[in-house]
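Spelled out, the chains give:
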Amino acid sequence: MDKTFNNRAWFLVLPVLVIVAFSAVIPLMTVVNYSVQDTFGNNQFFWAGTDWFTDILTSARFHDALIRNLIFSGIILAIEIPLGILVALAMPKKGVWVSVCLVLMALPLLIPWNVVGTIWQVFARTDIGLLGATVAGLGIDYNYVQDPLDAWITVVVMDVWHWTSLVALLCYAGLVSIPDAYYQAAKIDGASRLAVFRYIQLPKMGRVLLIAVLLRFMDSFMIYTEPFVVTGGGPGNSTTFLSIDLVKMAVGQFDLGPAAAMSLIYFLIILLLSWVFYTVMTNVGADKAPRTGGEA
Amino acid sequence: MARISLDHLRHAYTPGLAEAGIYALREVDHVFEDGGAYALLGPSGCGKTTLLNIMSGLLTPSEGHVRFDETDVTMLSPEARNIAQVFQFPVIYDTMTVAENLAFPLKNRRVPKDEIQRRVADMLGRLGMTQKGKRKARGLTADEKQKISLGRGLIRSDVAAILFDEPLTVIDPHMKWQLRSELKALHKEFAMTMVYVTHDQTEALTFADKVVVMYEGEVVQIGTPEELFERPQHTFVGYFIGSPGMNVLPCALESGEAVVSGQRLRLPAHFGPAGGQMAQGRRIELGIRPEFVSLVPRGEGLPVTIERVEDVGSEKIVRARLGDLPVSAIVKEDASLPAEADIAFAPHALNLYSDSRLVDTTPGAARATASGRTA
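Chain B is annotated in an unreviewed UniProt entry as Carbohydrate ABC transporter ATP-binding protein, CUT1 family of Fulvimarina manganoxydans. The record in UniProt for chain B states the following under Sequence similarities (unreviewed entry): "Belongs to the ABC transporter superfamily." The UniProt entry for chain B carries this comment under Subcellular location (unreviewed entry): "Cell inner membrane".

In the annotation of an unreviewed UniProt entry, chain A is listed under the name Carbohydrate ABC transporter membrane protein 1, CUT1 family and assigned to Fulvimarina manganoxydans. If you open the UniProt record of chain A and go to Sequence similarities (unreviewed entry), you find "Belongs to the binding-protein-dependent transport system permease family."

Visitor: Whenever I open this one, the layout of surface pockets confuses me. Can you help?
Guide: Over the atoms, a rolling probe the size of a water molecule traces out where space has been left empty. Taken as a whole, the second largest pocket spans an internal volume of roughly 410 Å³. For the lining of the second largest pocket, the class distribution of residues is eight nonpolar, two polar and five charged.

Visitor: So what exactly am I meant to see when it comes to the nonpolar core here?
Guide: As a rule of thumb, soluble globular proteins bury nonpolar side chains together. By size, the foremost hydrophobic cluster in this structure holds 55 residues, and its most contacted members are Phe62(A), Ile81(A), Phe221(A) and Leu242(A). Contributions of two or more residues to this core are made by α2 (51-58), α3 (60-90), α4 (97-110), α7 (148-176), α8 (180-188), α9 (193-221), α11 (242-252) and α12 (256-283) of chain A. Looking at this core, the element that brings in the most residues is α9(A), giving 10 residues. Contacts of Ile81(A), omitting those with residues within four sequence positions, involve Ile76(A), Val167(A), Leu209(A), Ala212(A) and Val213(A). If you look at the next biggest cluster of nonpolar residues, it comprises 47 residues, including Ala37(B), Leu106(B), Ile162(B) and Ala204(B).

Visitor: Quick question: what am I supposed to make of the UniProt feature "domain: ABC transmembrane type-1" (unreviewed entry) in chain A here?
Guide: Annotation from UniProt places "domain: ABC transmembrane type-1" (unreviewed entry) at residues 66-277 of chain A. Summarising residues 66-277 of chain A: 77% helix, 0% strand, and an end-to-end C-alpha distance of 18 Å.

Visitor: Just checking my understanding: could you explain the sheet that holds strand β11 (residues 247-250) of chain B for this structure?
Guide: Two pairing modes exist for strands in a sheet, parallel and antiparallel, and in both the strands are linked by backbone hydrogen bonds. All names here are of chain B. With respect to topology, four strands assemble into an open sheet ordered β11-β15-β21-β22, the strand pairing being antiparallel. Taken across any chain shown, the strands that pair with only one partner, and hence form the sheet edges, are β11 and β22 (357-358). Here two bridges tie strand β21 (residues 351-354) to β22, and the two strands are oriented antiparallel to one another. Pairing of Tyr353 across the sheet is with Leu358, part of β22.

Visitor: How should I be thinking about α12(A) in this particular structure?
Guide: Because the α-helix completes a turn every 3.6 residues, residues three or four places apart line up on one side. All names here are of chain A. With 28 residues, α12 extends 40 Å from end C-alpha to end C-alpha; this agrees with the ideal 40 Å at 1.5 Å per step. Listed in full, the buried residues belonging to α12 are Gly257, Pro258, Ala259, Ala260, Ala261, Met262, Leu264, Ile265, Tyr266, Ile269, Ile270 and Ser274. Residues of α12 that are buried in the fold lie against α1 (14-35), β1 (37-39), α2, α3, α9 and α11.

Visitor: Mind showing me how you'd approach the sheet that holds strand β19 (residues 325-332) of chain B here?
Guide: Residues and elements named next belong to chain B. The five strands lie next to each other as β16-β20-β17-β18-β19, forming an open sheet whose pairing is antiparallel. In the strand order of this sheet, the two ends are held by β16 (293-296) and β19, each with one partner. In this sheet, adjacent strand axes meet at a mean angle of 45° when their direction is disregarded. Sheet analysis places strand β17 (residues 302-311) next to strand β18 (residues 315-322), joined by six bridges and oriented antiparallel. Pairing of Thr305 across the sheet is with Arg321, part of β18.

Visitor: Would you mind going over the packing of aromatic side chains with me for this structure?
Guide: A ring pair, where both rings are aromatic, is described by two values, the distance of the centres and the angle of the planes. Enumeration according to the criterion identifies 19 aromatic pairs over all chains in this entry. Aromatic pair Phe217(A) and Phe277(A): ring centres 5.0 Å apart, planes at 50°, arrangement tilted. Taken together, the residues span a long stretch of sequence, with Phe217(A) in helix α9 and Phe277(A) in helix α12 at a distance of 60 residues. Between the NZ or CZ atom of Arg180(B) and the centre of the ring of Trp177(B), over which it lies, the distance is 4.4 Å. Here the basic side chain of Arg289(B) rests over the ring of Phe229(B), its NZ or CZ set 4.5 Å away from the ring centre.

Visitor: Sorry if this is basic, but what is going on with a nonpolar patch on the surface here?
Guide: Judged by side-chain polarity, Trp10(A), Phe11(A), Val13(A), Leu14(A), Val16(A), Leu17(A), Val18(A), Val20(A), Phe22(A), Val25(A), Ile26(A) and Met29(A) come together as a nonpolar surface patch covering roughly 1,200 Å² of accessible area. Residue placement: Val16(A) occurs in helix α1.

Visitor: Sorry, what's going on with the confidence of the model for chain A here?
Guide: The predicted coordinates should not be examined in detail at positions where pLDDT is low. Per-chain confidence: chain A averages 85 in pLDDT, with 95% of residues scoring 70 or above. Confidence over residues 287-296 of chain A falls short of pLDDT 50; this stretch has 15 contacts with residues more than four positions distant or in other chains.

Visitor: I would appreciate a short explanation of the environment of Val20(A) in the present structure.
Guide: Residue and element names in this part refer to chain A. By secondary structure assignment, the location of Val20 is in helix α1. Classification of Val20 by relative accessible area gives partly exposed; the value is 38%. C-alpha of Val20 to C-alpha of Leu169: the two residues are 149 residues apart in sequence and 32 Å apart in space.

Visitor: Help me understand the packing of α8(A) against α9(A) in this model?
Guide: Each pair of packed helices gets described by two things: the angle between the helix axes and the distance between those axes. Residues and elements named next belong to chain A. Closest axis-to-axis distance for the α8/α9 pair is 11 Å, and the angle between their directions is 165°. Taken together, the axis directions place α8 and α9 in an arrangement best described as roughly antiparallel. When you trace α8 past α9, the crossing you get is right-handed. Seen from α8, the contacting residues are Tyr182, Tyr183 and Ala186; seen from α9, they are Val196, Ile200, Gln201 and Lys204.

Basis of the calculations
Residues numbered from 1 in each chain as written. Chains lettered and ligands numbered in written order. Predicted model: local features only at pLDDT ≥ 70, side-chain atom pairs only at ≥ 80, totals over all residues. Heavy atoms only, no water. UniProt positions renumbered as here; feature names shortened; annotations may be inferred. 1 Å grid on protein atoms, 1.4 Å probe; cavity = no way out; pocket = protein on both sides within 12 Å on 5 of 7 lines; lining within 4 Å. Points joined across faces, edges and corners; volume = space filled by probe spheres on them. Nonpolar A, V, L, I, M, F, W, Y, C, P; charged D, E, K, R; others polar. Core = buried A, V, L, I, M, F, W, Y, C linked by side-chain atoms within 4.5 Å. Buried < 20%, exposed > 50% of the residue type's maximum accessible area, 1.4 Å probe, protein only. Helix = DSSP H or I, 4+ residues; strand = E, 2+ residues; numbered from the N terminus. Contact = heavy atoms within 4.5 Å. Pairing = 2+ DSSP bridges. Expected span 1.5 Å × (residues − 1). Axes fitted to C-alpha atoms, helices over the stretch in contact; angles between N-to-C directions. Phe/Tyr/Trp six-rings, centres within 6.5 Å; stacked < 30°, edge-to-face > 60°. Lys NZ or Arg CZ within 6 Å of the ring centre and 35° of its normal. Patch = residues over 30% accessible without salt bridge, like charges linked within 9 Å, V, L, I, M, F, W, Y side chains within 5 Å. Areas by Shrake-Rupley, 256 points an atom, 1.4 Å probe, with all protein chains shown as cover. Salt bridge = Lys/Arg side-chain N within 4 Å of Asp/Glu carboxyl O. pLDDT = per-residue confidence, 0-100. Parallel < 35°, antiparallel > 145°, perpendicular 65-115°, else oblique. Left-handed = near helix turned anticlockwise from the far one by under 90°.

Here it is as C-alpha cells:
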C-alpha cells in the first residue's frame, strides 16, 4: 500500500478556517469572554461566572424588552403573512402588468433601513409630515412622540409597509409554480374558490411560507434601525426592543459584561424560536409514518 | 353519459393567430358515440390536448359547437358539463388523505355523507387501495397518485365522459400495462364514454375501439386499429402507425402502371377507375407496409440495393434503396437474405395516395375520398 501522506493539503482549508475564525468564531468568543468577566476599569478583568446571566435573566428591564419584542413579532407576523398572501393572490399571473407589479413590490425592499426610518419619522410628524398632518387634520389625536400606542402603530405600519412585499413576492413565486393542471382539475372537481385556496394554493405555498415566516420572524425580532430612528425607543421605554436596549447598555452605559450576557441570551432566544418554528412548520401536514396495518 | 358531437370546431389561441390563419385546431367535425372507448392519437403539437380541453370546457373554441347528446354545452363551464378529466401529471390534493381526495368531487356537489362514504369505500376497493384510504396522498408513488386522479373522475358515476390527457406518461413501463388493463376493465364495467389522448401508438391501439388520428390540427383518420394499419387514409397515418412506418414512394401513373424511381410497376386492375383524382399537378404516392414487401430473386421484381439489415429478434427489418428512395421490408427471422435481390409488393396491400390522401381504389368506387375525413 503506497498511500501518499501529504499534510500540506491541510493548507487548502486554511482560507476557510481564517475567514470563519474572523467572521464568526473570534467575535462570538469575544462576547463570551466579556460575559463571564467583570472589570473595575484599567483593563483589569476578573472572573464573574454566570452572575451577568442571572442578573439579566432576572431583570425587569430585560423581561419588558423581551415581551415587547415578542408582541411586536407576533403582530408583524399576524399582519404581514396574511396580507402578503392576499397581495400575491391579487397580483396578475400573465401579461405586462407582471413586471410592473414586481418592480413596485421590490421597491420598498431596496430602501436602506435608516432611510425607511427617516422617511417615516418625517412622514408621520403632525406638523410637517403628510400622514401625521392628515391624521391630525381629521381630528384624531395622534402623536407618536408622546403617545406609546401611536408610537407602536407607527412602527408597526412602517414595518408592514417595508416588508409585506417580501412575503408577497415569496408567495407569488410559490403561486406561479403551481401547474395549470391543478386549477383545471379543481374546476372539474367543482371546487369553490375557497377550496382551491385551501387545498391547492396554500399547501403548494407551504415551503415558501415557511421561509417567509422564518425571515419575518428573525428580522422583526432583531429590529433595531427603524424604531431607533423614528422613536429612539420612546416615548419612555415603550418601543425599546431588545436590540435597542442592548445598544443602550453596551454603547451608552458601557456595561460590557451584562451587554455581552444579554447578547448571548438574545442570540440563543432567536436560535431557539427559529428552530421551534422550523420544526413545527415542517411537521405540520407532513405524512405520518406509512401505515401498513389492515385498517380500512 | 352522453354522446359527444363536435360540430365544425376551430380553435386559435389568440384572435391575432386566427387572423393570421394559424389554428391549433383547423376543423374538427366528429361524433364520439356514447359508451365508446376512443383514442386521440397524434404527434406533439397536433391539437389533441386542445381538442380535449375544448370537450371538457377548459377552453372555449373560436368557432363551432360542442354538444352532449342534444344539449349545446359550448359555453358551459367544466363543472356544469359534468365531465371528468385525468391529466398528464397526477393531480392530487396533498393535504388530504386518499379517501378525502376521492370524496372531494362528491363533497363539492353536496352528495349526502353516507352516500359519499359508500362510494369512496367502493372506489378504494376498485382501485385496490382500501388499505391506503387513511394515508395522506402526498407520500404515494406516481402510479398510485394517478389512480387517485382517475378515481376522482370515476367516483362521479353520472359523468358524461372521462377524458384522459396522456395519463400514463409518468408511469413506469411495467405499471403502464397494468393500469391500462384496469382502465379497460373499468370501461367495460361502467360503459362510460372515454377519450384517451396519447402520442404512443401502442397505448392508443390497445386501449381504444376507435382511434382518431390527428395531424396538424385536423383529424386525418378515424378507424379501428385494423383499418389504420391496412388502409391508412393519409400518408401520415401510414408513417405514424406501425414500426417501421409505411413505405411512401412518390410515383407517376402511366396507363395502369406506376413509375417509381424510373422502374415500372404494374398496378392491380382495380386501380384503373381512380383516374379522376389523378388530375395534373397532384402529388401521387404509392404506399405499402413493410410487412407486405417481400424479397424475391433478381429479375422477378423491382431491383434494389440492400443497405443494412436490422435484426429485432422476432424478425428482420431490411433497409433497402429503390433508386434513390428508401424502402423497408420485414422478413422472417430465419429467412436467408440473398446478396442481390428484387422486391415485390403484395398487390392487395398497395395503397395509392393523391396529395397525401388515400385514393379509394375499392372496385367500383370512383368517388373521391380526398377529404379523408370520412368516419
